[in-house]
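# A look at the structure
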Amino acid sequence: MTIVSLTFDDALDCHLDTAVPLLERHGLPGTFYINLGSDTLARRHRDWQGVAARGHELGNHTLFHPGVAAKPWVSEGIALEGYTLDRIARELTLANTFLTILDGRDERTFAFPCSNPWLGQASWAQRLLVRAGLDRTRLVGWVDRLGLDFGSSRLDYTPAVAERFFAARCGGIAPEQLPAGPPRRYQIRGVEGDSLDTAGLLAAVDLAVNRNAWLVLVFHGIGGGHHLSCDREVFAGLLAALAANPQVEVLTFLDGAKRIWG
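The structure displayed is predicted, hence computed values, not measured ones. (Residues numbered from 1 in each chain as written. Predicted model: local features only at pLDDT ≥ 70, side-chain atom pairs only at ≥ 80, totals over all residues. Heavy atoms only, no water.)

## A short note on the overall build of the protein chain
Quick note on the threshold: Helix and strand labels come from DSSP, where a helix needs a run of H or I of at least four residues and a strand needs a run of E of at least two; each type is numbered from the N terminus. Methods summary: accessible areas were calculated by the Shrake-Rupley approach with a probe of 1.4 Å, and residue burial reflects only the protein chains presented.
Assigned secondary structure in the protein chain consists of 10 helices and 12 strands. Just so you have it, the protein chain exposes about 12,400 Å², and 53% of that area is on carbon and sulfur atoms.

## Describing the packing of aromatic side chains
Formally: Put simply, two rings from Phe, Tyr or Trp (the six-membered ring, in Trp's case) pair if the centres are within 6.5 Å, and we call them stacked under 30 degrees between planes, edge-to-face over 60, tilted for the rest. Partly exposed residues are those whose accessible area sits between 20% and 50% of the maximum for their type, while under 20% is buried and over 50% is exposed, using a 1.4 Å probe and protein chains only.
As enumerated under the stated definition, the model contains 11 aromatic pairs in all. A ring pair is formed by Phe110 and Tyr157, whose centres lie 6.5 Å apart and whose planes are at 70°; its orientation type is edge-to-face. Of this pair, Phe110 sits in strand β4 (residues 110-111) while Tyr157 sits in the loop between β6 (155-156) and α7 (158-164), placing them 47 residues apart in sequence. Each member of the pair Phe110 and Tyr157 is classed as buried.

## Looking at the environment of Cys230
Our working rule: We call two residues in contact whenever any of their non-hydrogen atoms come within 4.5 Å of each other.
Counting through the fold element by element, Cys230 comes out in strand β11 (residues 229-230). Under the relative-accessibility criterion, Cys230 is labelled buried at 0%. Expressed as a C-alpha distance, the spacing of Cys230 and Ser195, which sit 35 residues apart in the sequence, is 6.2 Å. When sequence neighbours within four positions are dropped, the list of residues in contact with Cys230 reads Gly193, Asp194, Leu201, Phe219, Gly221, Ile222, Gly223 and Phe235.

## Some points on the nonpolar core
Put simply, the test is: Only buried residues count toward a nonpolar core, which is a set of Ala, Val, Leu, Ile, Met, Phe, Trp, Tyr and Cys residues joined through side-chain atoms within 4.5 Å.
Ranked by internal contacts, the top residues of the largest apolar core, which has 42 residues, are Leu6, Phe32, Trp48, Phe219 and Phe235. Of all the elements, helix α9 (residues 232-244) adds the most residues to this core, at 6 residues. In this structure, Leu6 is in contact with Leu23, Pro29, Gly30, Thr31, Leu217, Phe219, Leu238, Leu239, Leu242, Val250 and Leu251, ignoring residues within four places of it in sequence. Judged by nonpolar contacts, the second largest core, of 13 residues, contains Leu119, Phe165, Ala168 and Tyr186.

## A word on the packing of helix α1 (residues 13-25) against helix α3 (residues 45-53)
Keep this limit in mind: What counts as an axis is a line fitted to C-alpha atoms, over the stretch in contact for a helix, and the angles between N-to-C directions run from 0 to 180 degrees. For classification purposes, an angle smaller than 35 degrees is called roughly parallel, one larger than 145 roughly antiparallel, one from 65 to 115 roughly perpendicular, and anything else oblique. Left-handed describes a crossing in which the near helix is turned anticlockwise from the far one by less than a right angle; the clockwise case is right-handed.
Two elements in contact, α1 and α3, have axes whose closest approach is 11 Å; the angle formed by their N-to-C orientations is 25°. Comparing the axis directions of α1 and α3 gives the class roughly parallel. Between α1 and α3 the crossing geometry is left-handed. Only Asp47, Trp48 and Val51 of α3 make contact with α1, whose side of the interface consists of His15, Leu16 and Val20.

## Quick notes on helix α4 (residues 85-103)
Where we set the bar: Each residue after the first adds 1.5 Å to the expected span of a helix. Arc definition: directions from the helix axis to the C-beta atoms.
The terminal C-alpha atoms of α4, which comprises 19 residues, lie 27 Å apart, in line with the 27 Å expected from a rise of 1.5 Å per residue. Three or more residues of α4 are buried, namely Ile88, Ala89, Glu91, Leu92, Ala95, Asn96, Leu99, Leu102 and Asp103. With its buried residues spanning 160° around the axis, α4 presents them on a single face. Opposite its buried face, α4 presents the exposed residues Arg90 and Ile101, each directed more than 90 degrees away. In the stretch just after α4, Gly104 is the one whose phi turns positive, near 75°.

## Some details on a nonpolar patch on the surface
As a reminder of what qualifies: Within this analysis, patches are made of residues with over 30% relative accessible area and no salt bridge. Like charges are joined at 9 Å or less; nonpolar side chains (Val, Leu, Ile, Met, Phe, Trp, Tyr) at 5 Å or less. A pair is scored as a salt bridge if a Lys or Arg side-chain nitrogen falls within 4 Å of a carboxyl oxygen belonging to Asp or Glu.
On the surface, a nonpolar cluster with roughly 310 Å² of combined accessible area is contributed by Leu94, Phe98 and Ile101. Topologically, Phe98 is positioned in helix α4.

So this is what it looks like as structure tokens:
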């Protein structure tokens, strides 16, 4: 039986208004990664409590959803370049505490904001490549191979995640990149579902079945609500197909991880 987990990032209104009703129409659970600074959480925390009470998972997505300073929505206070390992660890712990107040659960999974496990400053050479618009070229790899990491304070905070969570989801991949075999427990790759049509999403399901792989789908908006979004009817078509497919079992991200790691 192939496991499929449906995950949703950023605690959006459309998750409560569109995704959850569609999931429940088909009797399927979802995992919602909550950043505690979300306006929707502040306004509709009782709705989120109800979502958790009905069997959906609320996962940790940090307090403030930090990102790299180059992103236009990132202010100085949440730029990962200014984070320390102690700061992110405290933020993860506090977010877990608030989520436990919300849903009463003490076991949690995590999704890296923007799929980025790194904090601190990149090297001078890497920063120059970003400013020159060359940060997506092979030159980045050459900087690493040649040891030109002067001025770097970058740290992978995955160890802090591993201390606090049962499992964690990271970078989005295309369906054809879905790996066969067991994933890395704290770097589980999710397939980006926002830009796919129903045929593309169902092709990803078929590929997971053929490769005996755990398929984790990553969504943001459902029928709008985010600049990354899956069409409502596309999403509804996926759910109907999953509910009718005897080869797959839809589980929350936590329950899927427990099938693998007990």
